[in-house]
Structure formats: structure tokens, C-alpha cells
Amino acid sequence: MEQEAVVTTVRCEQSHGATARQAFIGGRPLAFLPLTVNGDDRFCSIVWSTTPEHASELTAYSAEALGQALGEAFDHRLGDVMPVDSAYRFPLVQRHAQHYVQPNFALVGDAAHSIHPLAGQGVNLGLMDAAVLAEEVVAAWHRGAPWGSLATLSRYERRRRLGNTAMLGLMKGFKVLFGSHQPVFTLARNLGMSGMNQLVPLKRVVMRQATGERGRLPASCR
Ligand SMILES: Cc1cc2nc3c(=O)[nH]c(=O)nc-3n(C[C@H](O)[C@H](O)[C@H](O)COP(=O)(O)OP(=O)(O)OC[C@H]3O[C@@H](n4cnc5c(N)ncnc54)[C@H](O)[C@@H]3O)c2cc1C
């Protein structure tokens with residue numbers, strides 16, 4: 001399903017408590033991400049991944065109507081919601097560069113790969129790319145090797161491509177699972193989520209992977 005993101009900033013009735021929240025509403029994940037403005041912790045950054053038709057509808061709403069739609073969709077978990085900025089929409093596209101490097105040239109972060117914001121992993125992946133690239137360049141410098149050479153930069157690509165590909169694949173799977181209304185997908189999703197919630201060791205492994213605390217990490221990210 002083609003998706004767009006509608007983004008805006010809102011002020012809620014209640015404090016966000018420094019917690020990021022996401023509701024999966026019929027395959028349209030709605031995220032309330034905590035923001036603090038001048039010490040006021042009732043602001044949230046909104047990302048609503050939805051169909052282009054729904055995105056077009058939402059961005060045409062008045063501030064009051066959009067606030068009401070967001071509050072209702074979110075079951076008023078943070079009370080009433082009022083947008084404090086315009087709402088913007090843009091397409092969500094997953095992409096992965098065929099090559100990250102050329103001599104004296106390297107792609108990192110979203111220039112190398114862009115993924116669905118569903119699990120908030122984009123920044124982590126980009127930081128890991130930058131850390132590994134720096135590590136390989138410094139190592140080449142210590143060895144007295146040319147640090148912009150294809151051989152040096154390819155070491156960075158080899159270390160990052162597999163992990164990035166895995167995360168992109170996982171997000172694609174999540175998108176299908178959470179975006180489908182087919183009973184078999186709904187059942188798999190509900191069983192999977194409640195199963196994982198109860199299997200504490202598995203939940204811990206997934207959380208450590210998502211927060212970048214697991215796997216072969218560059219020294220600066222440990
Ligand atoms: C709606 C949405 C919600 C997201 N939510 C999350 C989240 O909760 N958590 C998370 O981890 N990630 C999230 N992401 C992903 C995250 O925003 C990106 O992965 C991250 O910003 C990538 O960082 P970057 O530095 O690689 O690229 P960017 O942040 O895109 O930075 C690139 C910069 O380069 C500038 N630029 C581009 N072309 C040129 C040029 N020719 N000359 C000079 N400057 C140029 C751009 O203006 C931009 O400032 C989200 C993404 C979207 C779209």
C-alpha cells in the first residue's frame with residue numbers, strides 16, 4: 001500500500017511523560033513523539049503514516065478539525081490535542097543504494113538508505129554508518145593506507161550493508177503486517193505482539209537490537 005506521512009506539532013492537554021507512543025489504526029500508524037518546549041512537556045511531534053487520500057483530507061482540515069481527528073484517533077490518551085503548526089504531507093519511500101562508495105566518496109544515512117519511520121530506526125542506522133566509516137578511515141590512516149581508496153571505503157560498506165538490509169527487510173515486513181486487514185495477518189500480528197510481550201527474554205533481545213545495544217557495534221557506539 002502506498003503511504004504518505006502527515007507531520008505536524010501539537011500541544012496536548014496532558015504531559016507526554018517523556019514517552020513516545022504509537023497507535024496502529026487500521027494499518028495507519030499514528031505516532032505522538034515527546035517534545036519539550038520551554039520546559040512545557042505537553043508538546044508532541046506527530047507522524048501519521050496513512051494513505052495519500054487520507055493525508056490529503058487531513059492536511060485540508062482546519063487546526064481545530066485536525067486536533068479533533070488526532071485526539072479521537074488516539075483515544076484522547078493525552079487529552080485534547082491542538083496543532084501549533086501547519087500540517088505537511090510527503091510520500092514515504094523505502095530505498096537502498098546499490099553502492100555506498102566510490103573512490104573518495106561515501107554515502108551514509110538516508111543518502112544510502114531510507115526506511116519507513118514505523119520503528120524510529122532511521123537516525124540510529126545513519127549514526128552507525130557514520131561511526132563505522134570514521135572507524136575505517138582512522139584505521140586506514142593508522143596503517144598508512146590511502147583512506148579515500150575504494151579498498152578502505154569498501155570495508156565500511158561491507159560492515160554496514162548487511163545490517164541495513166536486515167532492518168529495511170524488517171520494516172517492510174512490519175509494514176505488510178500492520179497494513180493488512182486480512183484476518184490471517186491480523187491474527188499473526190496480535191499473536192506475535194502479545195507473545196513477544198510475554199516472552200521477556202525475546203522482548204529484551206528485540207529492544208537491545210532496536211536501541212543499538214546488540215550486535216557488532218563500532219567502538220564509539222558501544
Ligand atoms: C516522517 C518521518 C518521521 C521520522 N521519525 C523518525 C524517528 O522517530 N526516529 C528516527 O530515528 N528516525 C526517524 N525518521 C528518519 C530520520 O528522519 C532520518 O533517518 C534521518 O533524518 C536521516 O538523517 P540524515 O542526516 O542521513 O539525512 P537528513 O536528515 O535528510 O539530512 C540531510 C540534510 O542534507 C541537506 N541537503 C540535501 N541536499 C543537499 C545539497 N545538495 N546541498 C546541501 N545540503 C543538502 C538536507 O536539507 C538535510 O538537511 C523519520 C523520517 C520521517 C520522514
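Residues numbered from 1 in each chain as written. Predicted model: local features only at pLDDT ≥ 70, side-chain atom pairs only at ≥ 80, totals over all residues.

### Focus on the overall build of the chain
Quick reminder of the rule: The numbering of helices and of strands both runs from the N terminus, where a helix is a DSSP run of H or I of at least 4 residues and a strand a run of E of at least 2. For the purpose of contact definition, each residue receives a C-beta atom placed from its backbone, and two residues are in contact when these atoms lie within 7 Å.
Secondary structure summary: the chain contains six helices and ten strands in total. Along the longest, intermediate and shortest principal axes, the C-alpha atoms of the chain span 60 × 40 × 35 Å. Long-range pairs, those at least 24 residues apart, make up 62% of the contacts in the chain with a sequence separation of at least 6.

### Topic: the environment of Met207
Considering the arrangement of structural elements, one finds Met207 in helix α6 (residues 200-210). Remark: the alpha-carbon pair of Met207 and Gln94, spanning 113 residues in sequence, is separated by 23 Å.

### A few points about the site of the ligand
Let me state the cut-off plainly: Near, as applied to residues and a molecule or strand, means the residue's backbone-placed C-beta atom lies within 6 Å of it.
In the vicinity of the ligand there are 14 residues, among which Gly109, Pro117, Gly120, Gly122 and Val123 approach most closely. Contributing elements (two or more residues each) for the shell around the ligand: β1 (4-12) and α3 (122-143). The element contributing the most residues to the shell around the ligand is α3, with four residues.

### What to know about the nonpolar core
Just so we agree on the cut-off: The term nonpolar core refers to a group of buried residues, namely Ala, Val, Leu, Ile, Met, Phe, Trp, Tyr and Cys, whose C-beta atoms join them within 7 Å. Neighbour counting defines burial: a residue surrounded by 20 or more other C-beta atoms within 10 Å of its own C-beta is buried, one with 12 or fewer is exposed, and intermediate counts give partly exposed, using backbone-placed C-beta atoms.
Membership of the largest hydrophobic core comes to 18 residues, with the highest contact counts inside it found for Val6, Val10, Phe32, Ile46, Leu58 and Leu70. For this core, the elements supplying multiple residues, two or more each, are β1, β3 (28-37), β4 (40-50), α1 (52-60) and α2 (63-73). The residues contacting Leu58, other than those within four sequence positions of it, are Val6, Trp48, Leu66, Ala69 and Ala87. If you look at the next biggest cluster of nonpolar residues, it comprises 14 residues, including Tyr100, Val108, Met128 and Met167.

### Comments concerning unusual backbone geometry
Note on backbone geometry: most residues besides glycine have negative phi, and most peptide bonds are trans. The backbone of Asn38 shows a phi angle near 50°, a positive value even though the residue is not glycine. Mapped onto the elements of the fold, Asn38 is located in the loop between β3 and β4. For Asp75, which is not a glycine, the phi torsion comes out positive at approximately 60°.

### Some words on the environment of Gly26
Within the secondary structure, Gly26 is located in the loop between β2 (21-25) and β3. Counting along the chain gives 152 residues from Gly26 to Phe178, while the straight-line C-alpha distance between them is 7.6 Å.

### Re the domain arrangement of the chain
Inclusion rule: For every domain, the bounds stem from an assignment made automatically or drawn from a database.
Parsing the chain into structural domains produces domain 1 (4-91) and domain 2 (95-221). Inter-centroid distance (C-alpha atoms) of domain 1 to domain 2 is 27 Å.

### What about α2?
As a reminder of what qualifies: It is the directions from the helix axis to the C-beta atoms whose arc is reported.
When α2 is considered as a whole, its buried residues turn out to be Leu66, Gly67 and Leu70. Around the axis of α2, the buried residues are gathered within 100° of arc, so they sit on the same side. Of the residues in α2, the exposed ones pointing more than 90 degrees away from the buried face are Glu64 and Glu72. Its buried side turned inward, α2 meets β1, β4, α1 and β5 (81-83).

### Digging into the pairing of β4
What counts is decided by this rule: Criterion used throughout: strands pair if DSSP finds at least two bridges between them.
Taken together, the eight bridges between β1 and β4 define a ladder with antiparallel strand orientation. Within the sheet, the bridge partner assigned to Val10 lies in β4 and is Cys44. In this sheet, β4 lies alongside β3 in antiparallel orientation, the contact comprising seven bridges. Bridging across to β4, Pro34 finds its partner in Cys44.

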